[in-house]
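Observations on the three-dimensional arrangement
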Amino acid sequence: IEVRESFTCAYPRFTKARVGDGSIKLTGVFDDGDPHCLDATFSLVICAQSRNRLSFTLHPESSSEMNFSKIQVRSHSGERIYGMGEQFPHDTLNLKGRQIDVLSEEGGVGRGHPVISTAVNAVSPGSAGNEGTSYYAAPHYLTSDLHSVFLKNTSYAEFDFQQADTTEIRLYEADMAWEALYGATPLELIERFTDYAGRMPAPPEWTQKGAIVALARPLEDSLTIVEDLVAAGVEVAGVWNQTWSGINLTYIGEQVLWNWVLDEEEHPGWHDWVESLSDLNIRTLCYANSMFLDLSERESAPSRHLFAEGEAGEYFVKDENGETLLLPVTAFDVALLDFTNEAARTWMKSILVEEMVENAGCSGWMVDFAEALPFEATLHDGSSAAAYHNQYPVEWMRLNREALDEAGLLGDVLTFNRSGHTQSPSHSLMFWQGDQLTTWDKYDGMTSAVKGLINGGFSGLALNHSDTGGYTSLSRFGLGYSREAELLKRWGELSAFTSLLRTHEGNLPDTNAQVYDSGQKDHFAWVSKVFAGLSDYRALRFKEAEEMGWPVVRHLWLHYPNDPTAHEIDDQFLLGSSFLVAPVLEKCENWRPWCETRLVYLPEGEWTHLWTGTPLEGSAWYQLPAPMQKPPVFYRADDPEAVSAVEDLRTYGVDVHAL
């Protein structure tokens, strides 16, 4: 973001106060010497939304155009800052000392990885992203002192936590609306924030009975793979096929054809395949995004050419000249749906229901992308694209939610999206973390997925998960990196304790370890049984998410705010309040003296080791064995819900300790 300052009015003075019913309006002037400020006035309205929420609205008036505002919030050097959406910090979730730019954008490949980011940026400058790039950016934070502030605006903003005694919030819009929240506990603060941001409902029950397995290959082959997985004892809830709409062959390789209609030429026998899966009590899932590829020059014409339909209806975002804006995406250009056009929304909702659900038999789909609206674009209703950029992913998910609701499909169909802003939880059914590397590292690999999973819960992402095993590999002629078998197993152990267990073959399926490989199936069967065995326990957490906005996966601080060590733990998490999970995040090298062990911190109270039944006292560190299929997991034996969950795991054949 490049900023040019023409003038600033920085010395406000209140001149009048008017008190109303539960509100106060302050008006004032600026005492700056700049001529632009001489005729400038402002108003600040403070209103009690409830006993726990205080609302502020700042409105400047001037004959000169004002398009920027900022406020400062008191802080101190020891205050820990959490939130700001789904952040992926390299070292600590404490954001004190950093500046976070509130912009929904492509996360990038590497996010600061010292080797991978350098290589990616050399080929495509800026494509690696950095520590602060995030698909889901929210102008919201909460602190260890139980302070919480969020903006209601959607325009680009900066939250500067670098100063010891203040937090500075800068908004690139003249009018600023924000709220300050009160809560006696961290969970109360999340509850107050989600009063505004919205709360996520429980996912369809079928999604919790096993894994959703990604298979983008010939249908006969994928059905054989599914049958082999089931025979190996894997609990399979769904099969996800990204290429249901066809394959686009480019210089990059095989990509999804962005025309959201079933391609029966590419997938002959699709309906029989869906029925065969249904006979196994397995659902079919697909893929969609809000962009459209022009197929007019293709040799074989699809049954519906959606780009042509969108052009005829003028449903797409325009450029500065009023022509359809074409966005470059990897190897091709696409048009972007304009959500400010009600006719375009109606058209897209009909596509989702008629083409995906009714024709293709999809019981769910990935709601991809939506973070790419250019600031200079022209929108149907005249809205500023710069202000609408962060709102665009919210509207994309809202459209999907409306389509399901209007068709009576809510509660039976699963959608999962990656991009968002403050009010995305009002519309989202499930989040996923975007495209991680198929690596172990803290920058963009499995360790970063744990950080994003925990951090997103502070800002309303109550139901979240990652691609099991990661997505992005960079390998050519055996050089580079691809998914290792051990990484896939450990990532599966992590995913078993989240809201959704879903795999991805990755961008290089043939070089990546896959859950259907002969050396993986037994382990993945165990992973799927752990996930399914915890379904009743998760259902109770989903109820908490829907009623109070509490995340299913939680930072230790949320339940142990007075434990200073709990504040520092960023590589363990709580599932609800009564299971503690310490996923194994390092490759087991034979030369490491602590191979297959894990250092674990247990907060206060007694914790029972899930696999051995050994009770351990909290407020202490332990170096514990962590062999495959036995990552350090503990539960509170004084919680009947947790004890019941342990019994459920046993019914699925999971080797937990004897009660």
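I will try to describe carefully the structure that is included in this document.

1. Observations concerning the state of the cysteines
If you walk through the whole model with that rule in mind, you get three disulfides. Disulfide pairing is shown between Cys9 and Cys37; the S-S distance is 2.1 Å. Between Cys9 and Cys37, the S-S torsion sits near -100°, and that sign places the bridge as left-handed. Residue Cys9 is located in the segment before β1 (12–20), and its partner Cys37 is located in the loop between β2 (23–30) and β3 (41–50); the two are separated by 28 residues in the primary sequence. We classify Cys37 as buried; its relative accessible area is 0%. Note on cysteine connectivity: Cys588 is disulfide-linked to Cys595, with sulfurs 1.6 Å apart.

2. Focus on helix α5 (residues 306–313)
Residues of α5 that are buried: Leu306, Phe307 and Gly310. All buried residues of α5 lie within an arc of 105° about the axis, which places them on one face of the element. In this fold, the buried residues of α5 make contact with β18 (291–293), β19 (326–329), β20 (332–336) and α6 (342–359). Among the residues trailing α5, Glu314 stands out with phi positive, at a value near 55°.

3. Structural notes on unusual backbone geometry
At Ala370, a position not held by glycine, the phi torsion is positive, near 95°. In this structure, Ala370 sits in the loop between β21 (364–368) and α7 (385–388).

4. A short note on the side chain of His421
Structurally, the position occupied by His421 is in the loop between β22 (414–417) and β23 (431–432). A relative accessible area of 1% means that His421 is categorised as buried. At 3.3 Å, the side chain of His421 and the side chain of Thr422 are in polar contact. Sequence-distant contacts of His421, defined by excluding residues within four places in its chain, comprise Val102, Tyr136, Ala137, Pro139, Asn153, Thr154, Asn390 and Val394.

5. What to know about the environment of Ala545
You can see Ala545 is positioned in helix α12 (residues 535–548). A residue is classified by how much of its surface remains accessible, and Ala545, at 0% relative accessible area, is buried. Those residues in contact with Ala545, other than ones at most four positions away along the chain, are Arg199, Met200, Ala462, Leu463 and Trp550.

6. Considering the pattern of salt bridges
Scanning the model with the defined rule gives 39 salt bridges in all. The closest approach of N and O atoms between Arg170 and Asp160, which form a salt bridge, is 3.3 Å. Note that Arg170 is positioned in strand β11 (residues 166–171) and Asp160 in strand β10 (residues 157–160), a separation of ten residues in sequence. For Asp160, a relative accessible area of 10% puts it in the buried group. Note that Arg199 is salt-bridged to Asp195, the shortest N-O span being 2.5 Å. For Arg199, a relative accessible area of 22% corresponds to the partly exposed category.

7. Quick look at a negative patch on the surface
Where like charges cluster on the molecular surface, the negative patch consists of Asp294, Glu297, Glu311, Glu314 and Glu323. What makes Asp294 partly exposed here is its relative accessible area of 38%.

8. Observations regarding the environment of Val317
If you trace the backbone, Val317 turns up in the loop between α5 and β19. Sequence separation between Val317 and Ile46 is 271 residues, and the spatial gap between their C-alpha atoms is 37 Å. Non-local contacts of Val317, meaning those with residues more than four positions away in its chain, are made with Glu323, Thr324, Leu325, Leu336, Leu337, Asp338, Leu373, Ala377, Thr378 and Leu379.

9. Quick notes on the nonpolar core
One finds Trp258, Trp260, Leu337, Trp365 and Phe579 to be the most contacted residues of the largest nonpolar core, which totals 150 residues. Sort the elements by how many residues they give to this core and α6 lands first, with eight residues. Residues contacting Leu337, with those up to four places away along its chain left out, are Ser290, Phe292, Tyr315, Phe316, Val317, Ala344, Trp347, Met348, Tyr392 and Leu399.

10. Section: the packing of helix α9 (residues 446–456) against helix α10 (residues 485–495)
Close contact between α9 and α10 brings their axes to 11 Å; oriented N to C, the two are set at 15°. Judged on the interaxial angle alone, α10 and α9 are roughly parallel. As α9 runs across α10, the sense of the crossing is right-handed. Contacts between α9 and α10 pair Met446, Ala449 and Val450 from the former with Leu487, Arg490, Trp491 and Leu494 from the latter.

Procedures and definitions
- Residues numbered from 1 in each chain as written.
- Predicted model: local features only at pLDDT ≥ 70, side-chain atom pairs only at ≥ 80, totals over all residues.
- Heavy atoms only, no water.
- Disulfide = S-S within 2.5 Å.
- Helix = DSSP H or I, 4+ residues; strand = E, 2+ residues; numbered from the N terminus.
- Buried < 20%, exposed > 50% of the residue type's maximum accessible area, 1.4 Å probe, protein only.
- Arc of directions from axis to C-beta.
- Contact = heavy atoms within 4.5 Å.
- Polar contact = N/O pair within 3.5 Å; in protein donor to acceptor, adjacent residues only side chain to side chain.
- Salt bridge = Lys/Arg side-chain N within 4 Å of Asp/Glu carboxyl O.
- Patch = residues over 30% accessible without salt bridge, like charges linked within 9 Å, V, L, I, M, F, W, Y side chains within 5 Å.
- Areas by Shrake-Rupley, 256 points an atom, 1.4 Å probe, with all protein chains shown as cover.
- Lys, Arg positive; Asp, Glu negative; His and termini not counted.
- Charge placed at Lys NZ, Arg CZ, Asp CG, Glu CD.
- Core = buried A, V, L, I, M, F, W, Y, C linked by side-chain atoms within 4.5 Å.
- Axes fitted to C-alpha atoms, helices over the stretch in contact; angles between N-to-C directions.
- Parallel < 35°, antiparallel > 145°, perpendicular 65-115°, else oblique.
- Left-handed = near helix turned anticlockwise from the far one by under 90°.

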